[in-house]
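Commentary on secondary and tertiary structure
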Amino acid sequence: MDAREFKQHFLPHHKLLYRVAYQLTGNAQDAEDLLQDMYLKLWQKRDNLPDKAKKEAYLVTMIRRLYIDQRRLKHLDTSAELKNEEGLPDEQSLDRQIDSKDEAQQMEKLINGLPERDGKIIQMHLLEDRSYEEIEQDTGLSQSYIRIIVMRTKKKLKQQFQKITKTWTS
């Protein structure tokens, strides 16, 4: 199934699926994310989908199951975190949490300040955890060139981040 066929079969159901996703999540952003995850799954399995996959009932069931799976994973993550915590957080752990959030925000600002191509590649590689091969397919750049960009950009980000943290500690 090519992209044209995919759009013909699945995009007419977009409004209904969005309403279902919104009803499940209660949030427009989460509904869009859930719908995007479902379309991604459909796209990845497009050549092996049964004929009934083109029907609304199948798609609604699929989005509901995906929502349940995501909720189950979040619940497992949360329960694992709770098991690892030993009582109330102390002042030092709260300071570390605040520092790590500040550092993450600063790093995000640095990434957003990169040239568009470099920022896109570093985001795909570090934040989305995509392989060099996947990045190559999306950008059209060779894997070796992507590795060079990632290496140089990481070095640049590290230097800029060290400058920022030095000003914090001074």
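Just above sits the structure.
Below or above, wherever it landed, is the structure these notes cover. (Residues numbered from 1 in each chain as written. Predicted model: local features only at pLDDT ≥ 70, side-chain atom pairs only at ≥ 80, totals over all residues. Heavy atoms only, no water.)

**A word on the nonpolar core**
Side chains that are nonpolar tend, in soluble globular proteins, to be buried together. In this structure, F10, L17, M38, Y39, L42 and I63 are the most contacted members of the largest nonpolar core, which totals 19 residues. Looking at this core, the elements that each hand over two or more residues are α1 (3–10), α2 (14–25), α3 (28–44) and α4 (56–84). Counting residues in each nonpolar core, the second largest holds 14 residues, with I122, M124, I146 and F161 among its members. (Core = buried A, V, L, I, M, F, W, Y, C linked by side-chain atoms within 4.5 Å. Buried < 20%, exposed > 50% of the residue type's maximum accessible area, 1.4 Å probe, protein only. Helix = DSSP H or I, 4+ residues; strand = E, 2+ residues; numbered from the N terminus.)

**Observations concerning the side chain of H125**
Within the secondary structure layout, H125 lies in helix α6 (residues 116–127). The buried category is assigned to H125, whose relative accessible area is 17%. With residues near it in sequence (within four places) discarded, H125 still touches R130, Y132, I135, V150 and K154. (Contact = heavy atoms within 4.5 Å.)

**Considering the environment of T61**
By the secondary structure assignment, T61 is in helix α4. Taking relative accessible area as the criterion, T61 reaches 35% and is therefore assigned partly exposed. Separated by 44 residues in the primary sequence, T61 and L17 have C-alpha atoms spaced 9.9 Å apart. At 2.8 Å, the side chain of T61 forms a polar contact with the backbone oxygen of A57. (Polar contact = N/O pair within 3.5 Å; in protein donor to acceptor, adjacent residues only side chain to side chain.)

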